[in-house]
Amino acid sequence: MRNKRGKRYWIWLCLFFSIFAQAQEISVRAVVENDEVFVGEPFVFQIQIEGHDTPPTPDISALQFFQAEFAGGQKNNSESVTIVNGRVSRVVRRGYFFSYRLTATRPGRQTIPSFSLQLDGQKFSTKPLVMQVKAPQETDDSKLRCSLSSERR
C-alpha cells in the first residue's frame, strides 16, 4: 500500500509543478545594443517576449527613419528541477525574441515606437526607445583622394 501512495504523491507533485510552470507571467520589451549610433551604422534591435514561446511576428511597419532587416527569431526556453531534502522544485521559463538589424537614415533624436503583440488573448506593448543618431564626422586621421587621368582611350 505504501508503494501506491508514494506513486500517487509523485504524480500529484508532477501535476502541481506542471500547472505552476505554465503560470509564468507574460511580458514584452524592446531593447537595442546601443542608444547612440551614426547615420548608416547598423545596430541590433530586439523584441523580447517572456512567458510565451510561440508569438506572432510583430508588425514593425510604423518604424520611421530606420531601415529594418529581419535577422531571425528564436525560442529562449529553460527548465530546471531541484531536489533538496526530498522537496522538488521545478522552474520552467518560456520566451522568444525577434532580432532586427536597423540602420538610421537621418541624424537627430529618433524614436523607435511602441510595438504591440496579441498573446493568449491579451495585448502587450513595448515601450518606445529614444535613440541619438549622429551625423558622420570628418576627422584628420585619414583622407581619401581620388583623381582621374586626363587620357582618353
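Because the structure is a prediction, the values reported are computed rather than measured.

Novice: How should I be thinking about the pattern of salt bridges in this particular structure?
Specialist: Side chains that carry opposite charge are capable of pairing whenever their charged atoms lie near each other. As enumerated under the stated definition, the model contains three salt bridges in all. Notably, a salt bridge pairs Lys134 with Glu36, separated by 3.1 Å at the nearest N-O pair. Here Lys134, found in strand β11 (residues 129–134), pairs with Glu36, found in strand β2 (residues 36–38); they are 98 residues apart in sequence, far enough to count as distant. Relative accessible area serves as the criterion here: at 31%, Lys134 is assigned to the partly exposed category. Residue class for Glu36 comes out partly exposed when judged on its relative accessible area of 41%. Two residues, Glu69 and Arg101, come together in a salt bridge whose shortest N-O distance is 3.6 Å. In this pair, Glu69 sits in strand β4 (residues 66–75) while Arg101 sits in strand β7 (residues 95–104), placing the two residues 32 residues apart along the sequence. Assessed through its relative accessible area of 43%, Glu69 is described here as partly exposed. Residue Arg101 is classed as partly exposed on the basis of its relative accessible area, which comes to 37%.

Novice: Could you clarify how one ought to interpret the pairing of strand β3 (residues 42–50) in this entry?
Specialist: A regular strand carries its side chains on alternate faces of the sheet. Pairing of strand β1 (residues 27–32) with β3, which is carried by six bridges, proceeds in the antiparallel orientation. Within β3, the residue paired with Ala30 across the bridge is Ile47.

Novice: In this structure, what is going on with the nonpolar core? I would like to understand it.
Specialist: The nonpolar side chains of a soluble globular protein tend to be buried, and buried together. The biggest cluster of nonpolar side chains holds 24 residues, and the ones touching the most others in it are Phe45, Ile47, Phe66, Leu102 and Ile112. If one sorts the elements of this core by residue count, β7 sits on top with five residues.

Novice: Teacher, can you tell me more about the pairing of strand β5 (residues 78–84) here?
Specialist: Relative to strand β6 (residues 87–93), β5 runs antiparallel, the two being bridged by seven bridges. In the sheet register, Thr82 faces β6, and the bridge partner there is Ser89. Taking the residues between adjacent antiparallel strands as the criterion, β5 and β6 are bridged by two residues, where Asn85 takes a positive phi near 50°.

Novice: Could you clarify how one ought to interpret the packing of aromatic side chains in this entry?
Specialist: One pair of aromatic rings is described through two measures. These are the centre distance and the angle between the planes. Counted according to the given criterion, the structure contains five aromatic pairs. Pairwise contacts between aromatic rings join Phe45, Phe70, Tyr100 and Phe115 into one cluster. One residue, Arg106, lies across the ring of Phe65, its end atom 3.7 Å from the ring centre.

Novice: Mind showing me how you'd approach the sheet that holds β2 here?
Specialist: Strand pairing in a sheet relies on backbone hydrogen bonds. The paired strands run either parallel or antiparallel. Across the sheet, which stays open at both edges, the three strands sit in the order β2-β11-β8 with mixed pairing between neighbours. Where the open sheet ends on each side, the last strands, each with one partner, are β2 and β8 (108–112). If you compare each strand with its neighbour and ignore which way they point, the axes differ by 35° on average. Pairing of β8 with β11, which is carried by five bridges, proceeds in the antiparallel orientation. By the bridge assignment, Gln110 is partnered in β11 with Met131.

About the criteria used
- Residues numbered from 1 in each chain as written.
- Predicted model: local features only at pLDDT ≥ 70, side-chain atom pairs only at ≥ 80, totals over all residues.
- Heavy atoms only, no water.
- Salt bridge = Lys/Arg side-chain N within 4 Å of Asp/Glu carboxyl O.
- Helix = DSSP H or I, 4+ residues; strand = E, 2+ residues; numbered from the N terminus.
- Buried < 20%, exposed > 50% of the residue type's maximum accessible area, 1.4 Å probe, protein only.
- Pairing = 2+ DSSP bridges.
- Core = buried A, V, L, I, M, F, W, Y, C linked by side-chain atoms within 4.5 Å.
- Phe/Tyr/Trp six-rings, centres within 6.5 Å; stacked < 30°, edge-to-face > 60°.
- Lys NZ or Arg CZ within 6 Å of the ring centre and 35° of its normal.
- Axes fitted to C-alpha atoms, helices over the stretch in contact; angles between N-to-C directions.

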